[in-house]
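# Summary of structural features
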Amino acid sequence: MNAPARPTTPSDRWRPTLWQVALLVAGVGVLIALVVGPPADGGRPFDPASSAPQGTRALVEVLRGLGGDVRVLTGAPDTDTDVALLLLDRYDDATRDQLAAWVQAGGILVLGEARSSLSPVTAVGASSFDLLGGIDVQPACDSPAVVGVDRVAAPHWQRLSIEQQDAVTCFPLEDAAGMVTVPVGRGEVVVLGMPAVAQNASLAEADNALLLANLLVPRPGTVVAVLGPPPPGTGERDLQQLVPDGARSALVQLAVAFAVLTWWRSRRLGEPVTEPLPTAIAASELVVAVGHLLQRTGRRQAAAEHLRRGLRGELRRTLGLPADVPPEGLVELVAARSDVAVEALR
């Protein structure tokens with residue numbers, strides 16, 4: 001006859017082993033890598049030496065093809081430089097002071113980061129059109145930089161506020177502008193709210209290349225300084241700021257997955273229950289089984305010793321005696337407290 005099935009208890013549920021947990025974590029890491037996507041195809045954003053989609057090497061080659069004397073620098077331009085292009089400001093305060101002095105002396109700075117301390121205007125908001133593949137905006141101004149420019153396409157636009165009366169605004173965006181030219185001393189600063197137009201992936205769209213050509217090389221022989229990212233270790237950002245956004249997202253998702261796994265493994269679905277032992281044997285059955293084994297092996301003395309040891313332990317517990325009382329002393333104590341003779345007890 002088959003034994004009755006034991007009822008299911010919480011211990012019967014599946015509990016992952018260490019290698020299964022490791023496999024689960026590895027699978028989550030692969031999934032995060034697929035979601036985040038592969039790293040950029042080399043180079044840093046707005047790097048004039050990079051041919052990646054976010055680089056600006058194509059712009060450097062176009063400007064040289066138009067007759068511009070293009071110099072790729074990682075610091076403030078020289079006094080003989082006519083126009084400087086700074087799309088991503090990661091310089092220190094000393095370099096920014098040199099750039100500001102150069103503009104005051106008559107230089108033209110084309111700035112692609114409105115939040116830089118070099119910007120005379122303020123970014124009041126952002127407009128992103130990634131899902132639509134970018135948006136075309138008409139210049140709607142009389143600046144020489146937009147001669148022949150019908151429209152400019154960019155996936156991201158910064159809306160720039162107008163605070164100075166002598167500023168020239170182009171590319172209207174609601175109550176702001178996409179490009180502002182502000183006189184500063186004997187020079188001027190042109191703030192671009194759409195710096196992505198200079199990247200390799202966007203340069204050939206709409207009239208992006210024509211706008212940059214008008215700004216940077218208005219005539220052949222113009223000395224242009226393209227300011228690239230500073231060398232590693234010379235910027236102001238700390239280690240936490242240098243961590244890519246994809247790595248941050250991966251760490252956050254791993255932390256969330258670990259928290260969910262911990263919660264799932266520690267959850268309780270009800271009151272604690274008493275789990276039955278795998279094998280339950282009654283005490284009487286155990287005594288009979290041991291006796292049969294001793295009988296089969298002929299170990300009478302061992303069986304008698306088991307009985308004597310059990311009796312001595314029971315007498316010690318009944319009389320409140322310590323466990324180290326020898327058998328002879330136990331016999332005398334029991335005989336003194338009972339009517340049994342010493343010889344019989346011995």
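Described below are features of the structure shown in this document.

Parameters and conventions
- Residues numbered from 1 in each chain as written.
- Predicted model: local features only at pLDDT ≥ 70, side-chain atom pairs only at ≥ 80, totals over all residues.
- Heavy atoms only, no water.
- Helix = DSSP H or I, 4+ residues; strand = E, 2+ residues; numbered from the N terminus.
- Buried < 20%, exposed > 50% of the residue type's maximum accessible area, 1.4 Å probe, protein only.
- Areas by Shrake-Rupley, 256 points an atom, 1.4 Å probe, with all protein chains shown as cover.
- Salt bridge = Lys/Arg side-chain N within 4 Å of Asp/Glu carboxyl O.
- Pairing = 2+ DSSP bridges.
- 1 Å grid on protein atoms, 1.4 Å probe; cavity = no way out; pocket = protein on both sides within 12 Å on 5 of 7 lines; lining within 4 Å.
- Points joined across faces, edges and corners; volume = space filled by probe spheres on them.
- Nonpolar A, V, L, I, M, F, W, Y, C, P; charged D, E, K, R; others polar.
- Phe/Tyr/Trp six-rings, centres within 6.5 Å; stacked < 30°, edge-to-face > 60°.
- Core = buried A, V, L, I, M, F, W, Y, C linked by side-chain atoms within 4.5 Å.
- Contact = heavy atoms within 4.5 Å.
- Patch = residues over 30% accessible without salt bridge, like charges linked within 9 Å, V, L, I, M, F, W, Y side chains within 5 Å.
- Arc of directions from axis to C-beta.

### Remarks on the overall build of the chain
Within the chain one finds 10 helices and 11 strands. Taken over 346 residues, the chain has a buried fraction of 33%. Only carbon and sulfur atoms are counted for the fraction: they give 58% of the accessible area of the chain, which is about 21,700 Å².

### Focus on the pattern of salt bridges
In this structure the tally under the stated criterion is 11 salt bridges. As a salt-bridge pair, Glu61 and Arg64 come within 3.9 Å of each other at their nearest N and O atoms. Taken together, the residues Glu61 and Arg64, both in helix α2 (residues 57-65) and three residues apart, mark about one turn of the helix. Here Arg312 and Glu305 are joined by a salt bridge, their closest N and O atoms 3.2 Å apart. Overlapping salt bridges, with partners in common, bring together Glu305, Arg308, Arg309 and Arg312 in one network.

### Regarding the pairing of strand β11 (residues 223-227)
Buried residues dominate β11, accounting for five of its five residues. Residue alternation in β11 divides its side chains into two sets, Val223, Ala225 and Leu227 and Val224 and Val226, and both sets are buried. Inspection of the sheet shows strand β2 (residues 83-86) paired to β11 by four bridges, in the parallel sense. Each residue of the ladder has a partner; that of Leu86, found in β11, is Leu227.

### Regarding empty space enclosed by the protein
Applying the stated criterion across every chain yields a total of one cavity of 30 Å³ or more. Forming the walls of the largest cavity are Phe46, Pro48, Thr56, Leu85, Leu87, Val226 and Leu227. A breakdown of the residues in the lining of the largest cavity according to their chemical character gives six nonpolar, one polar and no charged.

### A closer look at the packing of aromatic side chains
By the definition in use, this model includes one aromatic pair. Aromatic pair Trp157 and Phe171: ring centres 5.9 Å apart, planes at 55 degrees, arrangement tilted. With Trp157 in strand β7 (residues 156-160) and Phe171 in strand β8 (residues 168-173), this pair connects stretches of sequence that are 14 residues apart.

### Let's talk about the nonpolar core
Counting residues in hydrophobic clusters, the biggest one holds 34 residues, and the most contacted among them are Phe171, Met179, Met194, Leu211, Leu215 and Leu216. Elements that contribute at least two residues to this core include exactly α2, β2, β6 (152-154), β8, β10 (187-192), α4 (208-216) and β11. Top contributing element to this core by residue count: α4, with four residues. Residue contacts for Met194: discarding those within four places in its chain leaves Val152, Ala154, His156, Trp157, Phe171, Gly178, Met179 and Leu211.

### Here's the deal with the side chain of Gln199
Tracing the backbone through its elements, the reader meets Gln199 in the loop between β10 and α4. Residue Gln199 is classed as buried on the basis of its relative accessible area, which comes to 12%. Discounting chain neighbours no more than four positions away, the residues touching Gln199 are Phe46, Pro53, Gln54, Gly55 and Thr56.

### Examining a nonpolar patch on the surface
A cluster of nonpolar side chains, namely Val252, Val256, Val260 and Trp263, defines an oily patch on the protein surface of about 420 Å² accessible area. Its relative accessible area of 52% is what places Val252 among the exposed residues.

### Quick notes on the side chain of Thr56
Within the element layout of this structure, Thr56 appears in the loop between α1 (18-36) and α2. Other than its neighbours up to four places away in sequence, Thr56 contacts Phe46, Asp47, Pro48, Ser50, Leu87, Ala198, Gln199 and Asn200.

### Side note on unusual backbone geometry
In the Ramachandran plot, Ala140 falls in the positive-phi region, its phi being about 55 degrees despite a non-glycine side chain. Examined against the element boundaries, Ala140 turns out to sit in the loop between β5 (135-137) and β6. In this structure Ala140 comes out as exposed when scored by relative accessible area, which is 61%. Even without being glycine, Phe171 reaches a positive phi, approximately 55 degrees.

### Some details on the environment of Leu173
You can see Leu173 is positioned in strand β8. Residues Leu173 and Arg159 lie 14 residues apart in sequence; the distance between their C-alpha atoms is 6.4 Å. Other than its neighbours up to four places away in sequence, Leu173 contacts Val137, Trp157, Gln158, Arg159 and Gly178.

### Thoughts on helix α9 (residues 327-337)
Of all the residues in α9, the buried ones are Leu330, Val331, Val334 and Ala335. Buried residues of α9 fall within an arc of 130 degrees about the axis and therefore sit on the same side. Projecting away from the buried face of α9 at angles above 90 degrees are the exposed residues Ala336 and Arg337. Elements in contact with the buried residues of α9: α8 (300-319) and α10 (342-345).

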